[in-house]
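Given next are the chains, with one letter for each unit.
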Amino acid sequence: MTALKLLVVEDNAASLELMSEVFTSLKAEVRAVSDSEKAVGIINQERFDGIFLDLEMPNLSGFELARLVRKSPSNKSTPIIIVTGRDERQTMQQVFALGATFFLQKPVDRQKLSNLFRTVSGGMLENRRRYIRVPLQAEVVCMVGSRTVRGVTWNLSQGGMQVEAADLKPEDAVRVSFGLPVSRVVIEAAGTVVWAGEKRQGIQFTNVSVKNQESIRKYIAEVDQVDRINR
């Protein structure tokens, strides 16, 4: 798994440079932007693990940008960290109501930024794992009504999987059964075929037991950790 990918939007050049330097030193990939209007296009085109927004900016404020983040297809669930010199309770209530995850008080310094990064990085990784797909090659049994379709899996996420199984069509309601390697846990889940290509099909889970959800989460975390070590 690659380093955490962060977007930092700050119109103060010194603060932007400091935040970029500190986060980069902590092994994050940083996209630093001083123009909040330019940030809108970036937010709609790229997915980030965390977004740091200055509240007071010309053109688009941090308030407005946070609203757009929560409406973007790629970053609607990405953690938002608001960075501001304002400390009024009403301001904090407003930013949390917009979907901000954390609130960092200015002035910022290296220690404060390092502590914040260590605090939020675990949550950012967990949020990423909800969406990443990890390789998984195993036999899968798909029940579509009274039909039994056998195939193989290609990859797995917490929300679904890609498979190669004949005769699966978009909108098919399906029950899948497959095993996880090493742990040998058998996962059973209900899902819907959301797309079907010439060879592969995408299944979105609609009902997975809590126990199986946890097994999938652990498997993805283990693969993620191995990938990070290998890098």
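Residues numbered from 1 in each chain as written. Predicted model: local features only at pLDDT ≥ 70, side-chain atom pairs only at ≥ 80, totals over all residues. Heavy atoms only, no water.

Chemist: Describe the sheet that holds strand β5 (residues 102-105), naming the residues involved and giving the relevant values.
Modeler: Taken together, five strands build an open sheet; the order of strands is β2-β1-β3-β4-β5 and the sheet is parallel. Both edges of this open sheet fall to β2 (29-33) and β5, since each of them pairs with a single strand only. Across the sheet, the mean angle from the axis of one strand to that of its neighbour is 20°, orientation sign disregarded. Pairing analysis gives four bridges linking strand β3 (residues 50-54) to strand β4 (residues 80-84), with the strands arranged parallel. Residue pairing in the sheet places D54 in a bridge with V83 of β4. (Pairing = 2+ DSSP bridges. Helix = DSSP H or I, 4+ residues; strand = E, 2+ residues; numbered from the N terminus. Axes fitted to C-alpha atoms, helices over the stretch in contact; angles between N-to-C directions.)

Chemist: Before we move on, can you summarise helix α2 (residues 36-45) with the specific residues and values?
Modeler: The set of residues buried in α2 consists of S36, A39, V40, I42 and I43. Looking at the buried positions of α2, the neighbouring elements they touch are β1 (5-9), β2, β3 and α3 (62-71). Measuring from the side-chain oxygen of the N-cap residue of α2 to the backbone nitrogen of E37 gives 2.9 Å; that N-cap residue is D35. (Buried < 20%, exposed > 50% of the residue type's maximum accessible area, 1.4 Å probe, protein only. Contact = heavy atoms within 4.5 Å. Polar contact = N/O pair within 3.5 Å; in protein donor to acceptor, adjacent residues only side chain to side chain.)

Chemist: An account of the pattern of salt bridges is requested, with residue identities and associated values reported.
Modeler: Side chains that differ in charge, positive against negative, can pair when their charged atoms come close. This model, assessed by the stated rule, comprises six salt bridges. Two residues, R31 and E46, come together in a salt bridge whose shortest N-O distance is 2.4 Å. Separated by 15 residues along the polypeptide, R31 in strand β2 and E46 in the loop between α2 and β3 bring together distant segments of the chain. A salt bridge links R217 to E214; the nearest nitrogen and oxygen atoms lie 2.8 Å apart. One end of the pair is R217 and the other is E214, both in helix α6 (residues 210-230) and three residues apart, which spans about a single turn. Residue R217 is classed as partly exposed on the basis of its relative accessible area of 26%. Accessibility expressed as a relative area gives 30% for E214, which makes it partly exposed. Several salt bridges share partner residues, and in doing so they unite K5, R31 and E46 into one network. (Salt bridge = Lys/Arg side-chain N within 4 Å of Asp/Glu carboxyl O.)

Chemist: So what about the pairing of β2? Which residues, and what values?
Modeler: Relative to β2, β1 runs parallel, the two being bridged by five bridges. Within the sheet, the bridge partner assigned to L6 lies in β2 and is V30. Where the polypeptide runs from β1 across helix α1 (residues 13-25) and back to β2, its parallel neighbour, the crossover connection is right-handed. (Right-handed = clockwise from strand over helix to strand, strands pointing away.)

Chemist: Provide a residue-level description of the confidence of the model for the protein, including the pertinent values.
Modeler: Do not read the predicted coordinates in detail wherever pLDDT is low. Across the protein, the average pLDDT comes to 89, with 96% of residues at 70 or higher. Within the protein, strand β10 (residues 173-179) carries the highest mean pLDDT (97), whereas helix α4 (residues 89-97) carries the lowest (79). (pLDDT = per-residue confidence, 0-100.)

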